[in-house]
Amino acid sequence: MKRLFNYAVLAAIALAFASCVKDLDAEPINPSTNTKFNQDAIFTKCYACLGLTGISAEDESDVKKGTIDAGTTGFYRMTWYCNEFPTDEIWWTYTDEESKQLTNTNWTGTNNGIWAIYIRLILDIKYCNHYLARASQNNEEERFRYAEVRFIRALHFFYLMDMYLYSPFIVEDRNVSPPFRSRHFMYAWLVNELKELESLLPTQRRNDYRVDKAAAQLLLARIYLNADVYNKYNKDWVPGSAIEDALTMANKTIDENKSVHDLVKKEQKITHYAGTDSCYVYTAYQQLFMGDNNRPEIIKESLLQIYQDGFYAHSYAGSSFLVKGPRDDGMVPCGSDAGLWHAMRTSPTMVDKFIKLEGIGRSQARNMKYDEYNMPAQLHDDRAILCSKTNSTNYSFDLKGTQGAGDQKNMYECWAPLKFTGVYSTHIPKSSPRKDTSWPDTDIPLLRIAEAYLIRGEAKARKSGNWNDALSDVNILRERANAKPLDTMDEETMLDEWSREFWFEGRRRMDLIRFGRFFGPEADEHQFHWEGRMSKDDGEANFVAGTPEYMNWFPIPSDDKRNNPNYRTDVEGDPENPYATRGGDGYPY
């Protein structure tokens, strides 16, 4: 039975925290007003906050502000939005202001979505601090739980560091306005914290949804790989000095945990003779994102998998938006009977990453009319889980490259990204079981061992200065995806390979920034503006110069800048910041 957390206990308690800034109306109230500390329930809450918005109905949230939709206030959905919509992978076709600003890369400090993730990250950190201030450590299990909550807190601090130039730093269980710290302060703190947690976390997970030391190793490897980004304004930093550390931690993640965490490689073939869809083959890669991806042979690849269950644990901020968001009527059943959104499409540049390796141009690709179960074979890569044609309605999606301001039409026409599904790998789509017909059971693999292979490959290449040194690790993943091995590698191919493996998983922005392909002078120098939605119809980039560097991070909400007495534009220890006179992060108040 897939029920690892006691949500009945969790829902019975009133857990809530004040926001980091008293003037921001995040709800509910400070947990210190609760008379009893329920150690088991708070521990569960710290994990649950990764995939749920609150402790009651799916349309309620711990974070509230005006009319903001509860589903867009969750940890996973909003970190995903911020790391996908501004990039070359996914278009959001609805007209809500929060998502439209992210998709059109014209966000401001008053964007409610950016406000929501800022408050969510801080709120969840306060949940963890509440536990850490009160939990006992009288036995091994309690000590492991304590370390796990420290890891969840570190994960949230990582996203704060990655998404903002300055971070509120809260490590005590007090309801006060927090101090702000520079990125390189947060980098140093996270490195020390994760190093310590590597020795404190269990060597094997206590259950499928709890972390062990491999999760700390992988997150540390990610931070080391991106270290030059986080230390850009650190006058004492030597660029490239963390690459050897990234390589070491990637090796440890792979080698020390190989008996428990390894790549899934076995496909699943389902035969059913009644009806027209008599046989389906679910590839090893595809099974990672299906409704039963908690099966032992599948979940082993995830070092941190966010628990989702159609009955016990669902919300609009979990896998529901990944399954329903891109789908339209007439597509292959996805294991959910309610509310297909047709709200997300790939950008043409996302499709380019698969068709160009096959020597296919966009004009030729427009004639490829396949669903998500047949497209991977046509593009010779199991990771190309894309749809260009509905089934029962026989509607074809074009592959348009031109889109001007306010033109939503071409967004709707692009291929659908159907990587996540609620279908079980043990059944054909139309008869797939699920706990609840309205919600998928599909867990979210937040940290996958595959990332360690690409970190190792990239770190080896950056260390030697030869991108071909990444080939062996890249080809391990390509072999699993039944894609042809690459014979040669360069910087652009490495960046594309990150996308081919992890597209639609909420991390693209950080990779573009690391490669200097997002915003700022370096992106201008590479003539790589990545905006598929603004590209010409022939597939060539419609390059726009002069994109500001401060768009590489998000604005601290204007309310927080104005009302937090600890906010400063010249944060101590960050004297090299060129934006000290411009709101501290380049964005106006």
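Preceding this paragraph is the structure being described.
Reference entry: report on the structure contained in this document. Since the model is a prediction, treat every value here as computed from it, not as a measurement.

### Brief notes about the environment of T271
Point 1. As for its placement among the helices and strands, T271 is situated in strand β4 (residues 268–271).
Point 2. We classify T271 as partly exposed; its relative accessible area is 39%.
Point 3. Each C-alpha atom of the pair T271 and V281 lies 8.6 Å from the other, and the pair is 10 residues apart in sequence.

### Description of the packing of aromatic side chains
The geometry of an aromatic ring pair is captured by two quantities: the separation of the ring centres and the angle between the planes.
Point 1. In the structure shown here, the tally under the stated rule is 43 aromatic pairs.
Point 2. Their ring planes at 70 degrees and their centres at 5.2 Å tell us that F158 and Y159 sit as a pair that is edge-to-face. The same class applies to F158 and to Y159, which are both buried.
Point 3. Between Y550 and Y579, the aromatic rings sit 6.1 Å apart at their centres with planes inclined by 90 degrees, giving edge-to-face as the arrangement. Remark: Y579 occurs in the segment after α23 (558–563) and Y550 occurs in the loop between α22 (521–525) and α23; sequence separation between them is 29 residues. For the pair formed by Y550 and Y579, the shared burial category is buried.
Point 4. Through successive ring pairs, a cluster of aromatic residues spans Y76, W80, Y81, F85, W92, Y94, Y285, F289, F321, F420, W503 and F504.
Point 5. Across the ring face of F43, the terminal group of R145 is positioned such that the distance to the ring centre comes to 4.5 Å.
Point 6. Here the basic side chain of R181 rests over the ring of F185, its NZ or CZ set 5.3 Å away from the ring centre.

### Structural notes on the environment of S558
Point 1. Here S558 is to be found in helix α23.
Point 2. Residues S558 and T110, 448 residues apart in the sequence, show an inter-C-alpha distance of 6.1 Å.

### Focus: the pairing of strand β5 (residues 279–282)
Point 1. Residue alternation in β5 divides its side chains into a buried set, Y280 and Y282, and an unburied set, C279 and V281.
Point 2. Here four bridges tie β4 to β5, and the two strands are oriented antiparallel to one another. Across the sheet, residue T271 finds its bridge partner in β5, namely C279.

### Some words on the nonpolar core
Side chains of nonpolar character tend, in soluble globular proteins, to be buried together.
Point 1. Judged by nonpolar contacts, the single largest core of 159 residues is most densely connected at W80, F151, Y187 and W415.
Point 2. Among the elements that take part in this core, helix α5 (residues 112–134) stands out by supplying 14 residues, more than any other.
Point 3. Membership of the second largest hydrophobic core comes to eight residues, among which are Y282, V332, Y373 and I428.

What counts, and at which threshold
Residues numbered from 1 in each chain as written. Predicted model: local features only at pLDDT ≥ 70, side-chain atom pairs only at ≥ 80, totals over all residues. Heavy atoms only, no water. Helix = DSSP H or I, 4+ residues; strand = E, 2+ residues; numbered from the N terminus. Buried < 20%, exposed > 50% of the residue type's maximum accessible area, 1.4 Å probe, protein only. Phe/Tyr/Trp six-rings, centres within 6.5 Å; stacked < 30°, edge-to-face > 60°. Lys NZ or Arg CZ within 6 Å of the ring centre and 35° of its normal. Pairing = 2+ DSSP bridges. Core = buried A, V, L, I, M, F, W, Y, C linked by side-chain atoms within 4.5 Å.

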